[in-house]
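# Coordinates in review
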Amino acid sequence: VQTGALPICPRRTRSRSPSSRTRHKVESPTSHGKTVSLAVASSDARTVAVTGWPSVLTNKGVNESLFLSRDLGASWTDAFGNLRAATATVGLTRPTGLTFVDLDSDLALLVGTVSGVFVSKVSAPGKWTRLGTCAQLPIVLGYGLQYEARSDTLVAATLGRGVYTLANARAQIAAALSLSAVA
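This is a predicted model, so every value here is computed, not measured.

All right, on to the pairing of strand E3 (residues 65–69) then. For E3, the buried fraction is high: five of the five residues fall into the buried class. Every second residue of E3 is oriented toward a common face, with Ser65, Phe67 and Ser69 on one face and Leu66 and Leu68 on the other, all of them buried. The pairing of strand E2 (residues 48–53) with E3 spans five bridges and is classified as antiparallel. Bridge pairing in E3 places Ala49 opposite Leu68. Pairing of E3 with strand E4 (residues 77–78), which is carried by two bridges, proceeds in the antiparallel orientation. The partner of Leu68 across the bridge, within E4, is Thr77.

Shown next, in the form of structure tokens:
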């Protein structure tokens, strides 16, 4: 090795037998050129959600999609449901960031859209309701979502408006879902 040169990473010499790890190939039913987001539930790795659309370069002929699997991709449920109506947008909803949040009685799926963050129960996918007030989570493309269980905080990265946090997230998600059940 020459002085000042970057070290070469040695090859891993420890071998693992194929039976020591189980790998699963997960294929979603989406036939698009752009997978926007994928989320795996921390409480059950068999529960997976994926969203995307054919192109980010044009809105022509776009078929947005949001699918949910409870069996590691063996079968998929179209979870788009009433998302377009819930976002109240005349254009595309652009479902982007995804995350799961464990509630006491159910698992919640959250998705970022052009109109902010929306939530649906995994047990009844496709019935969406807005999460948070405009001051908490603004009406802007929610591009990245992450839930931090220890502090019970939802972090939402937006496209152009910064990063927002929603404290006491589980209670707020449960409240939003209970309001949608009444409506």
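This part takes up the pattern of salt bridges. Two side chains with opposite charge may pair up if their charged atoms get near one another. The tally for this structure, following the rule as stated, stands at three salt bridges. For the salt bridge of Glu64 with Arg84, the shortest nitrogen-to-oxygen distance reads 3.3 Å. Taken together, the positions of Glu64 in the loop between E2 and E3 and Arg84 in helix H1 (residues 83–87) put the pair 20 residues apart, joining distant regions of the chain. Measuring nitrogen to oxygen at the nearest pair gives 2.8 Å for the salt bridge that ties Arg170 to Asp104. With Arg170 in helix H2 (residues 169–182) and Asp104 in the loop between strand E5 (98–102) and strand E6 (107–113), the pair connects residues that are 66 residues apart, well separated along the chain.

Here the focus is the sheet that holds E6. If you walk across this open sheet you meet the four strands as E5-E6-E7-E8, and the pairing is antiparallel. Strand pairing shows two members of the sheet lacking a second neighbour, E5 and strand E8 (129–130), which therefore form its edges. Looking at chain direction, strand E7 (residues 116–121) and E8 are connected through two bridges and run antiparallel. The partner of Val119 across the bridge, within E8, is Thr129.

Take the sheet that holds strand E9 (residues 142–148) next. Taken in spatial order, the three strands of this open sheet run E9-E10-E11, and their pairing is antiparallel. Whereas interior strands pair on both sides, the edge strands pair on one side only; in this sheet they are E9 and strand E11 (163–167). Each strand axis lies, on average, 20° off the axis of its neighbour in the sheet, ignoring direction. The sheet contact formed by E9 and strand E10 (residues 153–158) spans six bridges and is antiparallel.

Parameters and conventions
- Residues numbered from 1 in each chain as written.
- Predicted model: local features only at pLDDT ≥ 70, side-chain atom pairs only at ≥ 80, totals over all residues.
- Heavy atoms only, no water.
- Buried < 20%, exposed > 50% of the residue type's maximum accessible area, 1.4 Å probe, protein only.
- Helix = DSSP H or I, 4+ residues; strand = E, 2+ residues; numbered from the N terminus.
- Pairing = 2+ DSSP bridges.
- Salt bridge = Lys/Arg side-chain N within 4 Å of Asp/Glu carboxyl O.
- Axes fitted to C-alpha atoms, helices over the stretch in contact; angles between N-to-C directions.

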